[in-house]
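What follows is the residue order along each chain.
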Amino acid sequence: MTTLSENDLWLLSFYRSSEINGALFFGRVARTLRGGPLQADVTHHFADEANHAKYWTRCIEDLGYNAEKLSGAYQDQYLEAVGLPANLMEVMAITQVFEKRVIGQYHRHLRAPDTHPRVRQTIETIMEDERWHVKYVRDALQEMARKYGQQLIDDTLARFTAADEEVYAKTLAEYGERIAFLGDGAVDLSVPGKA
């Protein structure tokens, strides 16, 4: 059995909880879409998120622990910051911003010097899917520019990026001591891939 600190176990459980929330969200979205390529992609995304929760559950168990039951997930705060998405374009825009945040957080975790090999393996497996999520959502948003206009999409992405930065700052303020081991403690509020 590997010894995980309380903070390590909390963070892995937090990742698991966030993946469960993502699966529930994309399951609801997939159920509402008409047949076609986007419906297939969103359904695939739903399945990926459920698998990611499974991967984290197995990782935690392989390390000799049970996942902690957490009362909320990162995504829960999005609704407070931006409200419910008004249309499919907004769903895709908030997904794009969130998926970039996830990739950034997982990259940060991979750079931590003492990341356990089993945790590293889980992150690397999940990252393969996360990169595809960003790509299919980016492609969907490009397709939607004909209907919504590129400026509206850009404005929506900017609004959701600002909300993400606010949510991330609040999360760090509340839980920052739990993830301080991932780096020098500096707060990085940038969204990966944005200048």
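Under an unreviewed UniProt entry, the chain has the name Ferritin-like domain-containing protein and belongs to Streptomyces silvisoli.

**Let's talk about the packing of aromatic side chains**
Taken as a whole and assessed by the stated rule, the structure comprises six aromatic pairs. Between the aromatic rings of Tyr15 and Tyr106, the centroid separation amounts to 5.0 Å while the plane-to-plane angle is 85 degrees, which identifies the pairing as edge-to-face. Here the residue Tyr15 occupies a position in helix 1 (residues 6-32), and Tyr106 occupies one in helix 4 (residues 88-111), the gap between them amounting to 91 residues. Given a relative accessible area of 6%, Tyr15 falls into the buried group. Using a relative accessible area of 3% as the deciding quantity, one classes Tyr106 as buried.

**Some words on helix 6 (residues 150-179)**
An α-helix turns once per 3.6 residues; consequently, residues spaced three or four apart project the same way. For helix 6, which comprises 30 residues, the first-to-last C-alpha distance of 37 Å sits more than 12% below the rise-based estimate of 44 Å (1.5 Å per residue). Remark: the principal bend of helix 6, roughly 60 degrees, maps to Ala173.

**What about the layout of surface pockets?**
Of the volumes computed, that of the second largest pocket is approximately 330 Å³. For the lining of the second largest pocket, the elements supplying multiple residues, two or more each, are helix 2 (37-62) and helix 5 (117-148). Take the lining of the second largest pocket: its biggest share by element is five residues, from helix 5. When the residues that make up the lining of the second largest pocket are grouped by side-chain class, the tally is seven nonpolar, three polar and four charged.

**Structural notes on the pattern of salt bridges**
It is possible for side chains bearing opposite charge to pair when their charged atoms get close. Scanning the entire structure with this criterion turns up six salt bridges. Arg159 serves as the salt-bridge partner of Glu90, at 3.1 Å between the closest nitrogen and oxygen. Of this pair, Glu90 sits in helix 4 while Arg159 sits in helix 6; the two residues are 69 residues apart in sequence, bridging distant segments of the chain. By relative accessible area, Glu90 is classed as buried at 13%. Relative accessible area serves as the criterion here: at 39%, Arg159 is assigned to the partly exposed category. In this structure, Glu143 and Arg146 form a salt bridge, with 1.8 Å as the shortest nitrogen-oxygen distance. Here Glu143 pairs with Arg146, and both are found in helix 5, just three residues apart, close to one helical turn.

**What about the nonpolar core?**
Counting residues in hydrophobic clusters, the biggest one holds 50 residues, and the most contacted among them are Leu12, Val42, Trp56, Met92, Tyr106 and Leu141. Counting only elements with at least two residues in this core, the list comes to helix 1, helix 2, helix 3 (76-82), helix 4, helix 5 and helix 6. In this view, Val42 contacts Phe26, Val29, Ala30, Leu33, Met92 and Tyr136; residues no more than four positions away in its chain are not counted.

**Brief notes about empty space enclosed by the protein**
Enumeration according to the criterion identifies one cavity of 30 Å³ or more in this entry. Taken as a whole, the largest cavity holds about 300 Å³ of empty space. Within the residue set of the lining of the largest cavity, elements represented by two or more residues are helix 1, helix 4 and helix 6. It is helix 1 that contributes the most residues to the lining of the largest cavity, seven residues altogether.

**Concerning helix 2**
Given a rise of 1.5 Å per residue, 26 residues ought to cover 38 Å, and the 37 Å separating the end C-alpha atoms of helix 2 matches this to within 8%. The complete set of buried residues in helix 2 reads Val42, His45, Asp48, Glu49, His52, Ala53, Trp56, Cys59 and Ile60. In the core, the buried residues of helix 2 are packed alongside helix 1, helix 4 and helix 5. Positive backbone phi, at 95 degrees, marks Gly64, one or two positions downstream of helix 2.

Rules and cut-offs
Residues numbered from 1 in each chain as written. Predicted model: local features only at pLDDT ≥ 70, side-chain atom pairs only at ≥ 80, totals over all residues. Heavy atoms only, no water. Phe/Tyr/Trp six-rings, centres within 6.5 Å; stacked < 30°, edge-to-face > 60°. Helix = DSSP H or I, 4+ residues; strand = E, 2+ residues; numbered from the N terminus. Buried < 20%, exposed > 50% of the residue type's maximum accessible area, 1.4 Å probe, protein only. Expected span 1.5 Å × (residues − 1). Bend = angle between axes of the 7 residues up to and from the residue. 1 Å grid on protein atoms, 1.4 Å probe; cavity = no way out; pocket = protein on both sides within 12 Å on 5 of 7 lines; lining within 4 Å. Points joined across faces, edges and corners; volume = space filled by probe spheres on them. Nonpolar A, V, L, I, M, F, W, Y, C, P; charged D, E, K, R; others polar. Salt bridge = Lys/Arg side-chain N within 4 Å of Asp/Glu carboxyl O. Core = buried A, V, L, I, M, F, W, Y, C linked by side-chain atoms within 4.5 Å. Contact = heavy atoms within 4.5 Å.

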